[in-house]
Structure formats: structure tokens, C-alpha cells
Amino acid sequence: MEWILIGAVVLFFAWRMMPAKGVRTISPDELKAMKKTKDSQWIDVRTPGEFKARNMRGFDNIPLGSLPNQTSKLDPEKETIVLCQSGMRSAQAAKILKKKGFKNVANVRGGMNQL
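All values derive from a computational prediction rather than experimental measurement.

A. Geometry of the environment of Met-88. Structurally, Met-88 can be placed in helix H5 (residues 88-99). Sequence separation between Met-88 and Asn-107 is 19 residues, and the spatial gap between their C-alpha atoms is 9.2 Å.

B. The side chain of Thr-71, seen in detail. Secondary-structure assignment places Thr-71 in the loop between helix H4 (67-70) and strand S4 (79-83). Overall, the relative accessible area of 10% leaves Thr-71 in the buried class. Those residues in contact with Thr-71 that sit more than four places away from it in its chain are Leu-97, Lys-100 and Phe-102.

C. Region of the structure containing the environment of Ile-26. Note that Ile-26 resides in strand S1 (residues 23-26). Ile-26 has contacts with Leu-31, Met-34, Ile-81, Ala-106, Asn-107, Val-108 and Arg-109, leaving out every residue within four places of it along the chain.

D. Seen up close, the nonpolar core. Ranked by size, the top nonpolar core spans 14 residues in total, and within it Val-45, Leu-67, Leu-74, Val-82, Ala-93, Leu-97 and Val-105 carry the most contacts. Examining the composition of this core, we find that three residues originate from one element, H5, more than from any other. Residue contacts for Ala-93: discarding those within four places in its chain leaves Val-45, Leu-64, Leu-67 and Val-82. One finds Ile-26, Phe-51, Ile-81 and Leu-83 within the second-largest nonpolar core, a separate group that totals ten residues.

E. View of the environment of Asn-104. Its place among the elements puts Asn-104 in strand S5 (residues 104-108). For the pair Asn-104 and Ile-81, spaced 23 residues apart in the sequence, the C-alpha separation amounts to 8.6 Å. Among residues more than four places away in sequence, those in contact with Asn-104 are Arg-24, Lys-78, Glu-79 and Thr-80.

F. Representation of the pairing of S5 within the structure. For S5, the buried fraction is high: four of the five residues fall into the buried class. Sheet topology places S4 next to S5; four bridges connect them, and they run parallel. Note on S5: the bridge partner recorded for Ile-81 is Ala-106. You can see the chain leave S4, run along H5 and come back into S5, and the turn it takes is right-handed.

G. A look at the sheet that holds strand S2 (residues 40-44). Across the sheet, which stays open at both edges, the five strands sit in the order S1-S5-S4-S2-S3 with parallel pairing between neighbours. Looking along the sheet, the strands with just one partner apiece sit at the ends: S1 and strand S3 (60-61). Both S2 and S4 contribute to a ladder of five bridges, which runs parallel. Along S4, the bridge assignment pairs Ser-40 with Glu-79. Lying over the sheet, H5 contacts S1, S4 and S5, oriented at roughly 175° with respect to S5.

H. Expanded view of H5. For H5, built from twelve residues, the straight-helix expectation of 16 Å at 1.5 Å per residue is met to within 8% by its first-to-last C-alpha distance of 17 Å. Those residues of H5 lying buried are Ser-90, Ala-91, Ala-93, Ala-94 and Leu-97. Angularly, the buried residues of H5 cover 160° about the axis, an arc narrow enough to put them on a single face. Contact partners of the buried residues in H5: S1, H4, S4 and S5. Gly-101 sits one or two positions beyond H5 and adopts a positive phi of about 95°.

Scoring rules and cut-offs
- Residues numbered from 1 in each chain as written.
- Predicted model: local features only at pLDDT ≥ 70, side-chain atom pairs only at ≥ 80, totals over all residues.
- Heavy atoms only, no water.
- Helix = DSSP H or I, 4+ residues; strand = E, 2+ residues; numbered from the N terminus.
- Buried < 20%, exposed > 50% of the residue type's maximum accessible area, 1.4 Å probe, protein only.
- Contact = heavy atoms within 4.5 Å.
- Core = buried A, V, L, I, M, F, W, Y, C linked by side-chain atoms within 4.5 Å.
- Pairing = 2+ DSSP bridges.
- Right-handed = clockwise from strand over helix to strand, strands pointing away.
- Axes fitted to C-alpha atoms, helices over the stretch in contact; angles between N-to-C directions.
- Expected span 1.5 Å × (residues − 1).
- Arc of directions from axis to C-beta.

So, to be careful, I would describe these as geometric facts and stop short of saying anything about function.
Written as C-alpha cells, this is what we have:
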């Protein structure tokens, strides 16, 4: 019985970490190699305090909690790169964006912890 519970917990966390269908996962090295283009939008979903303490140039701060109400400010046709501290919140943000009809979403694996 104990092993079933442990297995269920492991599966739950594995499922939560899986990217949403159609969301690319890019490495920090890939992010560094990418150049900001007019056709991309770069979103940091950390809190304003985290963003103020350390951020990457070119990223706009839209905290995860307010993202669902601010998607109208973004272009669903543009490539959207999503970043957070560890990659967990940005994975959730990517799922939100995909559900809202965004076409090309990429999550930065490991987030700022890896940069």
C-alpha cells in the first residue's frame, strides 16, 4: 500500500513537470544563443521582487498570478519565451498561454537558477 502511494506522488509530480502539448523546452544555453527579435516576446513570470533583484535584459515581468488576465496585452502569433526562477512557474505559464491559443511557446528549463 505504501509503494502505491509513493508511486502516485511520483507520477503526480512527473505529470506536473511535463510540458504542455506544443510547448518547446529550451536550455539556458539555447536561450543565451537566441537573439531578441521583433517577432519574439520574452516573459518573466516571477514576482516583481524576484525580477527587480535579478533579471535578463529584454524580458518583461508579468507575474504568474496575473498572467491569465494580461494575455490580451500579448500577441498569440509571436514566439513567446517564458522564464521563471526554476522552470516550474514558467511551465505553468506556458500551459496557460497554450490554452489561450498562443501558437509558439517555449519554456526555459531550469530558469534563472541555471543562467
